[in-house]
Amino acid sequence: IKLSPGLRDIAPPVNLDELTEKTLQLSELLKSEHPLVGEVKVRQKGGYPITLTYEPASADIFKQDKLGVEPLKNATTVSGHWFDAEPLIGDAEAALLQFSFELEEDEVVRLMAYYEQPAKVWLNGNTYAAYEPGNWSAGYHGPSFHRFLDYSPAVPLSRGRHTFTVALKNNTSGNHDVVVGVGDARKNLWISKALIA
């Protein structure tokens, strides 16, 4: 039984007999009116730490077509692709977060900025995309690049270092979770270590 190389932490059945047996067991479990297949774990924030620079901004930042690519005023490290941006936004109307990412070879990419409020992204200082998350997802059940096909254009980039800047509007509901990422646009898979310093 073969798995996609992107799948992790799964012990696949060793052969077709074992797969068939597991499938029949699952079928029996699902016959129940209230099946209990297993515990659903809450998705965890974090992953590999990511360094970024940031600064507070006014809501006017969303009108900007071009930004500089020099690092922003403050530097920090967040726990991973999914993190709480509240300490970076504070009481400001918005915040700018800037990441550098490295491509090992020429690549066609998509960028992700998954947030409950409006977000805008610049790639190497030029407007890349503006996101209205309420239009395309009801919750944090699965930020993934295939959900971004209509929102994030595929862009060819050369190998080397690039700048990914995100503007986040302050969220009055109090949830400032954000998921950022760089993906392979041909396969719609994460380039998992692109943002990792």
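Each value, and the rule that gives it
Residues numbered from 1 in each chain as written. Predicted model: local features only at pLDDT ≥ 70, side-chain atom pairs only at ≥ 80, totals over all residues. Heavy atoms only, no water. Helix = DSSP H or I, 4+ residues; strand = E, 2+ residues; numbered from the N terminus. Buried < 20%, exposed > 50% of the residue type's maximum accessible area, 1.4 Å probe, protein only. Contact = heavy atoms within 4.5 Å. Areas by Shrake-Rupley, 256 points an atom, 1.4 Å probe, with all protein chains shown as cover. pLDDT = per-residue confidence, 0-100. Pairing = 2+ DSSP bridges. Axes fitted to C-alpha atoms, helices over the stretch in contact; angles between N-to-C directions. 1 Å grid on protein atoms, 1.4 Å probe; cavity = no way out; pocket = protein on both sides within 12 Å on 5 of 7 lines; lining within 4 Å. Points joined across faces, edges and corners; volume = space filled by probe spheres on them. Nonpolar A, V, L, I, M, F, W, Y, C, P; charged D, E, K, R; others polar.

1. What about the overall build of the chain?
- Helix and strand counts for the chain come out as 2 helices and 11 strands.
- For the chain, the proportion of its 197 residues judged to be buried stands at 41%.
- A sequence separation of at least 24 residues applies to 75% of the contacts in the chain between residues at least 6 apart.
- Put simply, the chain shows about 11,900 Å² of open surface, and 51% of that area lies on carbon and sulfur atoms.

2. Remarks on the confidence of the model for the chain
- Confidence in the prediction for the chain averages 85 pLDDT; 86% of positions are at 70 or higher.
- Per-element confidence in the chain is highest for strand β8 (residues 155-157), whose mean pLDDT is 97, and lowest for helix α1 (residues 16-30), whose mean pLDDT is 86.

3. A word on the sheet that holds strand β1 (residues 50-57)
- Strand order in this open sheet of 6 strands is β2-β1-β4-β9-β6-β7, and the pairing throughout is antiparallel. Of all strands in the sheet, those with a lone pairing partner are β2 (74-78) and β7 (126-131), marking the two edges. In this sheet, adjacent strand axes meet at a mean angle of 30 degrees when their direction is disregarded.

4. Quick look at the layout of surface pockets
- Roughly 200 Å³ of volume is contained in the second largest pocket.
- Surrounding the second largest pocket, E102, L103, E104, E105, E107, I191, S192, K193 and A194 form its lining.
- Class assignment for the residues of the lining of the second largest pocket results in 3 nonpolar, 1 polar and 5 charged.

5. Things to note about the environment of L72
- Note on placement: L72 falls in the loop between β1 and β2.
- The exposure class of L72 is buried, given its relative accessible area of 15%.
- Sequence separation between L72 and L96 is 24 residues; the distance between their C-alpha atoms is 8.1 Å.
- Residues in contact with L72, not counting those within four places in the same chain, are T53, Y54, E55, L96, L97 and Q98.

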